[in-house]
Amino acid sequence: GSVIASALNIENLDSPEAFENFFPKIRAKTPSFIEEKLNRKSIDKTKFAVQCSPFMTVENMSGRFEWKRDMQMVIDKIQLWNR
């Protein structure tokens, strides 16, 4: 299942990739994923991130964006700070 579906405990949740906007926008021409699939006008982004974080494993995140490279940059920076 998806990170979002797991975090919100929702079965059979469609992928947000088909939506122009994930979060609602005032002047959006089409509904956002949050509006269309979660039936909400808004969502607490911080709380949502905290709910999602336990499900963001290496296995399900490594194929997204440049995740592996970006994580290595974060690790390298932290190691530099710890010298």
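Relevant structure appears above.
Read on for a plain summary of the structure. (Residues numbered from 1 in each chain as written. Predicted model: local features only at pLDDT ≥ 70, side-chain atom pairs only at ≥ 80, totals over all residues. Heavy atoms only, no water.)

**Quick look at unusual backbone geometry**
Both trends apply: most residues other than glycine have a negative phi, and most peptide bonds are in trans.
And then number 1: The backbone of Asn-9 sits at a positive phi, close to 55°, despite the residue not being glycine.
And then number 2: Inspection of the secondary structure assignment puts Asn-9 in the loop between helix H1 (3-8) and helix H2 (33-38).
And then number 3: A positive phi angle, close to 55°, is found at Asn-39, a residue other than glycine.
And then number 4: Here Asn-39 shows up in the loop between H2 and helix H3 (45-52).
And then number 5: On the basis of relative accessibility, which here comes to 67%, the residue Asn-39 falls in the exposed class. (Helix = DSSP H or I, 4+ residues; strand = E, 2+ residues; numbered from the N terminus. Buried < 20%, exposed > 50% of the residue type's maximum accessible area, 1.4 Å probe, protein only.)

**Concerning the environment of Asn-60**
And then number 1: Residue placement: Asn-60 occurs in helix H4 (residues 58-61).
And then number 2: Expressed as a C-alpha distance, the spacing of Asn-60 and Ser-2, which sit 58 residues apart in the sequence, is 8.3 Å.

**Section: the packing of aromatic side chains**
And then number 1: Tallying each qualifying case throughout the model produces four aromatic pairs.
And then number 2: Judged by centre distance (4.8 Å) and plane angle (85°), the ring pair of Phe-22 and Phe-23 falls under edge-to-face.
And then number 3: What makes Phe-23 partly exposed here is its relative accessible area of 26%.
And then number 4: Clustering of aromatic rings is evident, with ring pairs tying together Phe-19, Phe-22, Phe-23, Phe-33 and Phe-48. (Phe/Tyr/Trp six-rings, centres within 6.5 Å; stacked < 30°, edge-to-face > 60°.)

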